[in-house]
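# Working through the structure, step by step
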Amino acid sequence: MAVNPMQKKARNSMLIGVIIGLLIGCLGIAFFFMQAANYKKQIDQIAANEVKAYALKNDIKSGTSITANDLIQVSASKDSIPTDYITINDITDKTIAKVDLTKGLVLSKSMVNELGEEITSDLREQQYNMIVLPQYLDVDNYIDIRIQLPNGQDYIVVSKKRIKRISEDTIWIDMYEQETLTMSRAIVEAYIMKGSKLYATTYIEAGNQENAIPTYIPSGEVINLINADKNITDKAKAELNARYTDDLRARRQDINAQINAVGEQAQSNLESGIEQEITKAKESRKEYLDSLNVAE
């Protein structure tokens, strides 16, 4: 049967169109898969470059403890955060801020320190109300407690203590047994010697500053008591004995000379100072109890 040339031409044109359509479709599908592959590659690259870091929920002061509750997990590019970014495993119960840190900041290891204070069996919270305090002292500040003698000599009694609580003239700090005994001796001597004072100085960047070395030398009686006390660690005894060397006994002799110069007035001064301390403690306790009643 003869084929009409026009029909043949139309059939060929249709076949060519179908073939071209199929080629375009194949090219389109190939392009789609290429684009999908490139997109997946980009996503994989982003994912490979993305890490889980931790940012601060709130502002943190220098020297203040940082806990897991202070942090929020964030996803970030490795290129946009410090290379020493912190993971949750880097946070311990001794982690503190080196400097003042702001809310939203991604935390890095260079921003924190580990608090050197060990939690030992002889660590206790102590309350003091006879220390001259800086005007702007606040909770979580760190202080040295010093004693200034009438002749102008000045010694560090205990160093780098965190203010746990504070009222108008009373502070609460954690103290080791040997520090408590040393502080008790310094209090007695400050009471005895009119013109002397116990006062606190504040660390500027507690997280970045090392502990000051105590320079106050307690009496021989206190040293013997500390050495005989089973509650005090051998490390603490060794450190205190190292401070009480022949070269430094001259410093203790100078303190004794200051006390002896007071003479008969010393006992009266001591009794007066202790009475004032007891009165302040009672007043602070009453204020606290009154505040609880108001809250109820």
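For the structure itself, consult the block above.
Presented here is a report on the structure given in the accompanying data block. (Residues numbered from 1 in each chain as written. Predicted model: local features only at pLDDT ≥ 70, side-chain atom pairs only at ≥ 80, totals over all residues. Heavy atoms only, no water.)

### Digging into the packing of aromatic side chains
- Scanning the entire structure with this criterion turns up zero aromatic pairs.
- Positioned over the ring face of Tyr 199 is Lys 197, at 5.0 Å from the centre of the ring. (Phe/Tyr/Trp six-rings, centres within 6.5 Å; stacked < 30°, edge-to-face > 60°. Lys NZ or Arg CZ within 6 Å of the ring centre and 35° of its normal.)

### Considerations on the pattern of salt bridges
- Per the counting criterion, the structure on display carries eight salt bridges.
- Of the charged contacts, one joins Glu 125 and Arg 165 as a salt bridge, the two residues approaching to 2.6 Å between their closest N and O atoms. Remark: Arg 165 occurs in strand β8 (residues 165-166) and Glu 125 occurs in strand β5 (residues 124-128); sequence separation between them is 40 residues.
- Classification of Arg 165 as partly exposed rests on a relative accessible area of 40%.
- Among the ionic pairs, Asp 174 bridges to Lys 164, the shortest N-O distance being 3.0 Å. (Salt bridge = Lys/Arg side-chain N within 4 Å of Asp/Glu carboxyl O. Helix = DSSP H or I, 4+ residues; strand = E, 2+ residues; numbered from the N terminus. Buried < 20%, exposed > 50% of the residue type's maximum accessible area, 1.4 Å probe, protein only.)

### Some details on the packing of helix α2 (residues 177-192) against helix α3 (residues 220-228)
- It is the contact of α2 with α3, at a shortest axis distance of 10 Å, that shows an interaxial angle of 160°. By the criterion of interaxial angle, the relationship of α2 to α3 is roughly antiparallel. Judged by the sense of rotation from one axis to the other, the crossing of α2 with α3 is right-handed. Where α2 approaches α3, its residues Gln 178, Leu 181, Thr 182 and Arg 185 are matched on the opposing element by Val 222, Leu 225 and Ile 226. (Axes fitted to C-alpha atoms, helices over the stretch in contact; angles between N-to-C directions. Parallel < 35°, antiparallel > 145°, perpendicular 65-115°, else oblique. Left-handed = near helix turned anticlockwise from the far one by under 90°. Contact = heavy atoms within 4.5 Å.)

### Remarks on the sheet that holds strand β7 (residues 154-162)
- Read from one edge of the open sheet, three strands run β7-β6-β10, paired in antiparallel fashion. Two strands close off the open sheet at either side, each with one partner strand: β7 and β10 (197-202). For this sheet, the mean angle separating the axes of adjacent strands, direction not counted, is 25°.
- Taken together, the six bridges between strand β6 (residues 142-148) and β7 define a ladder with antiparallel strand orientation. Within β7, the position partnered with Ile 143 by the bridge is Lys 161. (Pairing = 2+ DSSP bridges.)

### Quick word on the sheet that holds β8
- Ordered in space as β5-β9-β8, the three strands form an open sheet in which the pairing is antiparallel. In this open sheet, the two strands that pair with only one neighbour each are β5 and β8.
- Pairing of β5 with strand β9 (residues 171-175) involves five bridges; the strand directions are antiparallel. Paired with Arg 124 across the bridge in β9 is Met 175.

### Observations concerning unusual backbone geometry
- Residue Asp 140 is not a glycine yet carries a positive backbone phi of 80°.
- Along the chain, the position of Asp 140 falls in the loop between β5 and β6.
- Overall, the relative accessible area of 22% leaves Asp 140 in the partly exposed class.
- For Lys 160, which is not a glycine, the phi torsion comes out positive at approximately 45°.
- For Lys 160, the position within the fold is in strand β7.

### Some details on α3
- For α3, the complete set of buried residues consists of Val 222, Ile 223 and Ile 226. When α3 is viewed along its axis, its buried side chains cluster within an angular range of 100° and face the same direction. Seen from the open side of α3, the exposed residues pointing more than 90 degrees away from its buried face are Glu 221, Asn 224 and Ala 228. (Arc of directions from axis to C-beta.)

Without other data, these values stay purely geometric and don't point to any function.
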